[in-house]
Amino acid sequence: MNNYDVIVIGGGVSGLTSSIYTSRSFLKTLNIAGFPAGGQLMWTTEVENFPGFPEGIMGPELIENMRKQAEKFGTTFLDENVTSISGSHETGFLVKSEGGSEFTSKSIIIAVGSSPKKLGAPGEDNLSARGVSYCAVCDGAFFKEKAVAVVGGGDSAMEEANYLSKYASEVHVLVRGTEDNMRASAIMIERTKKNPKVKFHFNTQIKEIAGENKVEKVIVTNSETNTDSEIVLQGVFVAIGWKPNTDFLGNLIEKDSAGYIKVTNNTNTSLHGVFVCGDSADPRYRQAITAAGTGAMAAIDCEKLLSH
Ligand code: NDP
């Protein structure tokens, strides 16, 4: 009963797309979706850039639809986290879940995604999706003619600031270090500095994100002068890095120094019979549509392996 052709680990966009494809190809598919299931789109509001939805679609609704579609083709779901994987394609993989269940399979598709690093500032969690965001491309358009802040001094923060400047009236970039020690590349800093809507605040960290039901202001501390001040704004975009959710894999599969799974060719990983898709192998694009695309690719590669 617990033996599958493929176990997909992850119930976000990439894992659901893989599951639609594998189960539609008559592969007996188990999706161990994680808990809470659904990935990053579950805490996104409206998704306006997923092709096929000219009026936009709410993130959770898109996930629900994709899950129904996978179920229609026969995918079984388990909303738990995976704790370990062992074995091989030749002898069969053994996958254990948090609830103590064990499953075997001939192949595995890893689709565990990544999580934005959080600031840990008061107000951040309460006001998440009510002004606090971790993705300018996803949410920037909701801040037309509004004031926003971007937190971080890396390339992600520079990119987010420039992107947001297309919509926002002013973009405050809050960098905790000095101008000389910014991590962003020189060209990105230069481009951002030239942007008339962007204002840099160095040596500046958020002490609190404040607002009743939505973001109204941030209280910031300047570490040089040791003084607090307020910036009135409507949005806070946290861009202090991402962390792929790959810790549970240990050394089973090759990863880069940041924990992203290394893709050897197409969607193969260093372990034969284990494929990867979505953000856990993608530090660059991180879009719902690119996750879906690689989800389909992993399923096709998996199907090819099993048909031989
Ligand atoms: P980085 O790790 O490069 O930068 C993270 C930034 O966040 C740093 O400025 C860091 O400050 C700051 N930070 C970390 N924690 C906190 C905190 N608690 N409070 C305030 N600030 C904090 O991450 P990125 O996501 O920017 O970039 C990751 C990789 O992706 C890089 O290699 C980058 O070059 C690449 N990238 C490339 C792009 C491109 O080429 N178009 C676009 C986006 C990313 P501190 O320096 O003080 O530690």
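These remarks concern the structure in this document. (Residues numbered from 1 in each chain as written. Predicted model: local features only at pLDDT ≥ 70, side-chain atom pairs only at ≥ 80, totals over all residues. Heavy atoms only, no water.)

**A word on the sheet that holds strand E10 (residues 132-133)**
Step number 1: The strand order E10-E17-E11-E12-E13 describes an open sheet built from five strands, whose pairing is parallel. The open sheet has two free edges, formed respectively by E10 and strand E13 (198-201), since each of these has just one partner strand.
Step number 2: Bridging between strand E12 (residues 170-174) and E13 involves four bridges; their strand directions are parallel. Bridging from a neighbouring strand, Val 173 pairs with Phe 200 of E13. (Pairing = 2+ DSSP bridges. Helix = DSSP H or I, 4+ residues; strand = E, 2+ residues; numbered from the N terminus.)

**Remarks on the environment of Ser 185**
Step number 1: Within the element layout of this structure, Ser 185 appears in the loop between E12 and helix H5 (186-194).
Step number 2: For Ser 185, a relative accessible area of 27% translates into the label partly exposed. (Buried < 20%, exposed > 50% of the residue type's maximum accessible area, 1.4 Å probe, protein only.)

**Observations regarding the environment of Phe 142**
Step number 1: Positionally, Phe 142 belongs in the loop between helix H3 (136-139) and strand E11 (147-151).
Step number 2: Phe 142 sits eleven residues away from Gly 131 along the chain, and the two C-alpha atoms are 9.2 Å apart.

**Quick look at the environment of Ile 63**
Step number 1: Inspection of the secondary structure assignment puts Ile 63 in helix H2 (residues 59-72).
Step number 2: Each C-alpha atom of the pair Ile 63 and Leu 16 lies 8.0 Å from the other, and the pair is 47 residues apart in sequence.

**A short note on the site of the ligand**
Step number 1: If you check the shell around the ligand, you find 13 residues, and the closest are Asp 155, Ser 156, Glu 159, Arg 176 and Arg 183.
Step number 2: With respect to the ligand, the backbone of Gly 153 contributes an N or O atom lying 2.8 Å from an oxygen atom.
Step number 3: Taking Gly 154, its main chain carries an N or O atom lying 3.4 Å from an oxygen atom of the ligand.
Step number 4: In the complex, 68% of the free accessible area of the ligand, which totals 920 Å², lies under the protein chains.
Step number 5: For the shell around the ligand, the element with the most residues is helix H4 (residues 155-164), which contributes three residues.
Step number 6: Of the residues that constitute the shell around the ligand, the class distribution is three nonpolar, six polar and four charged. (Near = heavy atom within 4 Å. Polar contact = N/O pair within 3.5 Å; in protein donor to acceptor, adjacent residues only side chain to side chain. Areas by Shrake-Rupley, 256 points an atom, 1.4 Å probe, with all protein chains shown as cover. Nonpolar A, V, L, I, M, F, W, Y, C, P; charged D, E, K, R; others polar.)

Functional significance is not addressed by these values, which are geometric in nature.
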